[in-house]
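Structural overview
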Amino acid sequence: MNIKHDKVKVIQSGIELFWKKGYNSVGINEICEVTGMTKGAFYHKFKGKEQFLNETILAYGKINSDQIKDFFKQNNKQSNYDKLLNFYSYLFLRQPEINFIGCFLNNIMLEVGIVNNSIGKVAAKVYENFIDDIEPIVKKAQENSEIISTISSRKITELLQSSFYGALTRAQSSKNNKQGISLIQILLKSLRLDFQKN
């Protein structure tokens, strides 16, 4: 099947392009070149670059939501605390392998999500979906007395994810993922019940 008629492949190519180069530095000509679409075909499927980006954000969100769920299922013999620690550590450890390009969603939120309302809303929705995927593990950790329960599981998940994105941005600019891993370790340790008692 020709790629210009395969929307899934077109969207995947768009994710890779925006992830590596950002939104503002990419034009329609480059999108068409990378996806194999003509301009006419591109504008027939998408209203413009903004809609195309929004569709890539949603697709990236779905792919990552599935990966988050799979990660936690595959590691079901670990404590919930260790699942969280290993999940965020894995995301940092992966950065050198992908040349510290960070997280597509985080990059887009930083670049255009704060100045473009449409993109910001789509990015915020995907971010909330990530919180929805991670929160059950936080809640189970609270139920099993692995971490404190005096703060809602939702707020703790928001704290973890926001801290991860902040540390990831720093790791991208410094090309050093060790600080991010250390930060997550400190943050999770501070939420442990046994740490609170000492």
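Here's what I pulled together on the structure shown here. Note that the structure is predicted; figures quoted are calculated from it, not measured.

**Considerations on the nonpolar core**
In this structure, L53, I57, F104, L105 and Y165 are the most contacted members of the largest nonpolar core, which totals 59 residues. Per-element tally for this core: the top contributor is helix α7 (residues 117-143), with 11 residues. Once residues lying within four places of it in the same chain are set aside, the contact partners of Y165 are C103, L105, N106, M109, Y127 and F130.

**Some thoughts on helix α2 (residues 28-35)**
Along α2, the positions that sit buried rather than exposed are I28, I31, C32 and T35. End-on view of α2: buried residues confined to an arc of 95°, all on one side of the axis. Of the residues in α2, the exposed ones pointing more than 90 degrees away from the buried face are N29 and E33. Buried positions along α2 lie against α1 (7-21), α3 (39-45) and α4 (49-74). Note on α2: the residue one or two positions beyond its end, G36, has a positive phi of about 80°.

**Quick notes on the packing of α1 against α4**
Between α1 and α4, whose axes approach to 9 Å, the crossing angle comes to 95°. It follows that α1 is roughly perpendicular to α4 by the angle criterion. On the side of α1, the interface is formed by K7, V10, I11, Q12, G14, I15, F18 and W19, while α4 contributes K49, F52, L53, E55, T56, A59, Y60 and I63. Among the residues forming the contact of α1 with α4, the class breakdown is 10 nonpolar, three polar and three charged.

Analysis parameters
- Residues numbered from 1 in each chain as written.
- Predicted model: local features only at pLDDT ≥ 70, side-chain atom pairs only at ≥ 80, totals over all residues.
- Heavy atoms only, no water.
- Core = buried A, V, L, I, M, F, W, Y, C linked by side-chain atoms within 4.5 Å.
- Buried < 20%, exposed > 50% of the residue type's maximum accessible area, 1.4 Å probe, protein only.
- Helix = DSSP H or I, 4+ residues; strand = E, 2+ residues; numbered from the N terminus.
- Contact = heavy atoms within 4.5 Å.
- Arc of directions from axis to C-beta.
- Axes fitted to C-alpha atoms, helices over the stretch in contact; angles between N-to-C directions.
- Parallel < 35°, antiparallel > 145°, perpendicular 65-115°, else oblique.
- Nonpolar A, V, L, I, M, F, W, Y, C, P; charged D, E, K, R; others polar.

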